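Structural description and commentary
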Amino acid sequence: MKTAISVKDLFVSYHGSEALNNVSFTVNEGNLVGIIGPNGAGKSTLLKSLLNLISIDKGEVQILGKSIKEMRTKVAYVPQRSNIDWDFPITVIDTVLLGTYPNLGIFKRPKKSDKAWALECLEKVGIAEFRHRQIGELSGGQQQRVFLARALAQKPDMYFLDEPFVGVDVTSEETIITILKELRDIGKTVVVVHHDLSKASDYFNELILLNKELIEYGAVEKVFTPEVLGKAYSNHFPSMTAVEVKI
Amino acid sequence: MMNFIDALMQYGFLQKALITSIMVGIICGVIGCFIILRGMALMGDAISHAVLPGVAISYMLGINFFFGAVLTGVLTALGIGFISQNSRIKNDVSIGIMFTAAFASGIILITLMKSSTDLYHILFGNVLAVRPSEMWTTLFIGIFVLVSIYVFYKELLVSSFDSTMAAAYGLPTRVIHYFLMTLLTLVTVASLQTVGIILVVAMLITPASTAYLLTNRLWVMLYLSAGIGVLSSIIGLYLSFTYNLASGATIVLAATALFIVAFIFSPKQGLIWRWIRKFRKRESYAR
């Protein structure tokens with residue numbers, strides 16, 4: 001199996017206070033990986049440093065054996081919903097069409113085939129009927145599906161999603177996780193920042209447990225145990241011992 | 001009205017004024033869309049004020065004010081970015097610090113030049129006195145700005161809407177920001193004679209906001225905003241000529257009037273429709 005992501009000795013800080021401390025791990029291709037950990041554990045920071053969206057203090061990140069700068073168009077990023085201006089004058093289908101931009105290069109406009117492909121991606125997430133609506137007119141779950149469709153439109157090798165299930169209805173959540181599992185099964189690598197422990201073991205086959213440093217990484221069965229989770233969450237529930245942390 | 005049209009046929013100065021203000025209406029409208037969508041209305045105000053010292057220096061050196069204005073405008077944009085990135089000072093505050101400093105230096109430089117009539121025209125515009133060279137400057141700037149926006153439309157769209165995605169796939173978002181600031185400076189320079197430094201921000205944000213209330217597509221918004229800008233310019237020029245009023249003020253008030261119409265009557269966003277929708281909702285609950 002090929003190495004998809006390799007992180008070596010990663011250190012990241014914000015204004016002098018450390019966000020990630022000596023994180024190293026290697027993810028193989030074809031995995032659906034959840035990044036879990038308490039609030040402020042550096043989950044989104046890890047995702048952003050994988051994408052080189054923030055500057056790192058020390059360490060090395062490789063995507064499919066190359067630096068992220070060479071691989072940017074091969075990686076799709078779905079940001080947190082709160083980072084989007086939902087009043088922006090853009091329709092659903094045009095938002096999905098943005099996904100074709102990375103492969104178009106500068107100066108070139110999307111062609112008819114790109115538009116047809118964008119519509120296909122929108123059909124896949126099941127909201128093609130809303131394609132001419134302004135994005136703010138959709139529900140939270142539908143909006144998240146639009147952004148997944150946009151990622152699909154990019155035809156990347158790797159998907160990075162930041163908290164995709166926050167404020168999302170049950171149908172949308174099921175649609176999204178089904179598609180992510182399908183992507184994994186055809187050999188794509190999917191990394192998801194996730195904060196809801198209750199479904200983590202159903203959704204992912206590998207977990208990265210983070211609390212500023214890497215607590216544990218590996219198959220769900222290995223990471224998702226009370227003992228291991230307790231190591232990351234104990235500070236947040238000082239009254240509990242590791243074993244008492246309910247899953 | 002007939003008098004205005006007759007005069008337009010007859011007088012070269014009025015034709016030049018009309019051409020200049022139409023171009024200003026178009027480019028302010030187009031660039032203004034990106035300014036308001038990126039939440040940079042204050043930045044628009046700042047850059048327009050920041051060209052003043054550049055204009056003063058250009059007059060002193062006897063060069064076209066275009067060069068000085070672009071220089072101080074872009075330097076101010078860089079300074080604002082530098083302060084907010086290298087301290088805890090928030091962006092709007094660093095904008096306030098830098099542009100008032102630039103504007104104040106401009107006032108002192110112009111006072112040293114001892115020609116206060118120019119200052120009045122730079123601050124408030126006097127489109128009826130536009131010289132051929134200034135008209136050509138405006139036209140060339142206009143063409144450059146419109147071609148730039150056409151060529152980089154895709155990149156401007158994605159970086160305005162979702163700058164994280166743009167950065168994630170490798171667009172140089174910071175370069176795009178400063179490029180837009182440069183275009184903004186150029187537009188301000190082009191608008192100096194028509195609406196003046198103080199009021200150019202209105203031409204940047206008012207027509208664009210009117211268009212924003214009327215459509216859900218960026219490209220439609222760009223065309224609408226340009227059209228509304230042109231309409232405001234023509235109405236304003238007519239009022240300025242007929243009643244001998246400052247052109248900047250009449251053009252801006254024409255733009256404001258159009259905004260109010262859209263604010264009340266816009267099919268989706270307007271006040272009336274909001275009231276009707278609320279009323280219907282209440283009715284449906286009452287049943």
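Below is a summary of the structure that appears in this document. (Residues numbered from 1 in each chain as written. Chains lettered and ligands numbered in written order. Predicted model: local features only at pLDDT ≥ 70, side-chain atom pairs only at ≥ 80, totals over all residues. Heavy atoms only, no water.)

Between chain A and chain B, the residue contacts involve 31 residues of the former and 25 residues of the latter. Buried surface at the junction of chain A and chain B, summed over both partners, amounts to about 2,500 Å²; 66% is from carbon and sulfur atoms. For the interface between chain A and chain B, the tally reads one salt bridge. A salt bridge links Asp-162 of chain B to Arg-150 of chain A; the nearest nitrogen and oxygen atoms lie 2.7 Å apart. Our count for the contact surface shared by chain A and chain B stands at eight residue pairs in polar contact (both at pLDDT 80 or more). Listing elements by their share of the side of chain A that touches chain B, those giving two or more residues are α3 (92-97), α4 (101-104) and α6 (140-153) of chain A. Top contributing element to the side of chain A that touches chain B by residue count: α4 of chain A, with three residues. Residue composition of the side of chain A that touches chain B, grouped by class: 16 nonpolar, seven polar and eight charged. (Contact = heavy atoms within 4.5 Å. Buried area = accessible area lost by both parts, 1.4 Å probe. Salt bridge = Lys/Arg side-chain N within 4 Å of Asp/Glu carboxyl O. Polar contact = N/O pair within 3.5 Å; in protein donor to acceptor, adjacent residues only side chain to side chain. Helix = DSSP H or I, 4+ residues; strand = E, 2+ residues; numbered from the N terminus. Nonpolar A, V, L, I, M, F, W, Y, C, P; charged D, E, K, R; others polar.)

A word on the sheet that holds strand β6 (residues 158-162) of chain A. All names here are of chain A. Here six strands make up an open sheet; going across it, the order is β5-β6-β7-β3-β8-β9 and the pairing mixed. The open sheet terminates on both sides in strands that have one partner only, identified here as β5 (75-78) and β9 (213-219). Each strand of the sheet is rotated relative to its neighbour by a mean of 15°, with strand direction disregarded. For β6 and strand β7 (residues 189-193), the ladder comprises five bridges, and the chain directions are parallel. Following the sheet pairing, Met-158 is matched in β7 by Thr-189. Each of β3 (32-36), β5, β6, β7 and β8 (206-211) is contacted by helix α1 (residues 43-50), which is oriented at about 145° to β6, the strand it contacts most. (Pairing = 2+ DSSP bridges. Axes fitted to C-alpha atoms, helices over the stretch in contact; angles between N-to-C directions.)

We now examine the environment of Val-223 of chain A. All names here are of chain A. Looking at the element boundaries, Val-223 is found in helix α9 (residues 220-223). Of the residues examined, Val-223 reaches a relative accessible area of 0% and is grouped as buried. Taking the C-alpha atoms as reference points, Val-223 and Ser-55, separated by 168 residues in sequence, lie 29 Å from one another. Once residues lying within four places of it in the same chain are set aside, the contact partners of Val-223 are Leu-207, Leu-209, Glu-216, Tyr-217, Gly-218, Val-228 and Leu-229. (Buried < 20%, exposed > 50% of the residue type's maximum accessible area, 1.4 Å probe, protein only.)

Within a regular beta strand, the side chains point alternately toward one face of the sheet and then the other, so they alternate between its two faces. All names here are of chain A. Of all six residues that make up β8, six are buried, and the element is covered over most of its length. Of the two faces of β8, both are covered, the one formed by Glu-206, Ile-208 and Leu-210 as well as the one formed by Leu-207, Leu-209 and Asn-211. Pairing of β3 with β8 involves four bridges; the strand directions are parallel. Pairing of Ile-35 across the sheet is with Ile-208, part of β8. Examined bridge by bridge, β8 and β9 share six bridges and lie antiparallel to one another. The residue of β9 that forms the bridge with Glu-206 is Ala-219. A loop of one residue connects β8 with β9, the two strands running antiparallel in sequence, and Lys-212 in this loop sits at a positive phi of about 70°.

Attention shifts here to the pairing of strand β1 (residues 3-14) of chain A. Residues and elements named next belong to chain A. In this sheet, strand β2 (residues 17-28) lies alongside β1 in antiparallel orientation, the contact comprising eight bridges. Bridge assignment links Val-7 to a residue of β2, and that residue is Phe-25. Where β1 hands over to β2, the hairpin turn is made up of two residues, of which His-15 adopts a positive phi near 45°. Two elements, β1 and strand β4 (residues 58-63), share five bridges in a ladder whose sense is antiparallel. Paired with Ile-5 across the bridge in β4 is Ile-63.

The subject of this paragraph is helix α3 (residues 41-61) of chain B. Taking 1.5 Å as the rise per residue, α3 of chain B with 21 residues should run 30 Å; its terminal C-alpha atoms sit 32 Å apart, in good agreement. Burial of α3 of chain B is extensive: 15 of the 21 residues sit out of reach of the surface. (Expected span 1.5 Å × (residues − 1).)

Right, let's get into the environment of Ser-240 of chain B. Residues and elements named next belong to chain B. Assignment of secondary structure puts Ser-240 in helix α12 (residues 218-243). Overall, the relative accessible area of 1% leaves Ser-240 in the buried class. Between the alpha carbons of Ser-240 and Val-200 there is a distance of 16 Å; along the sequence they are 40 residues apart. Filtering out sequence-adjacent residues up to four positions away, Ser-240 remains in contact with Leu-128, Leu-245, Ala-246, Ser-247 and Thr-250.

With that out of the way, let us pick up the side chain of Glu-163 of chain A. Positionally, Glu-163 of chain A belongs in the loop between β6 and α7 (170-185). Look at Glu-163 of chain A: it is buried, it has no salt bridge, and the nearest opposite charge is Lys-43 of chain A at 4.9 Å. (Lys, Arg positive; Asp, Glu negative; His and termini not counted.)

Let's shift gears to the packing of aromatic side chains. Residues and elements named next belong to chain B. As enumerated under the stated definition, the model contains 16 aromatic pairs over all chains in all. Here the aromatic rings of Phe-4 and Tyr-238 are separated by 5.2 Å at their centres, their planes lie at 80°, and the arrangement is edge-to-face. You can see Phe-4 sitting in helix α1 (residues 2-10) and its partner Tyr-238 sitting in helix α12, a full 234 residues away along the chain. Judged by its relative accessible area of 19%, Tyr-238 is buried. The interplanar angle of 85° and the centroid separation of 6.4 Å between the aromatic rings of Trp-219 and Tyr-223 together place this pair among those described as edge-to-face. (Phe/Tyr/Trp six-rings, centres within 6.5 Å; stacked < 30°, edge-to-face > 60°.)

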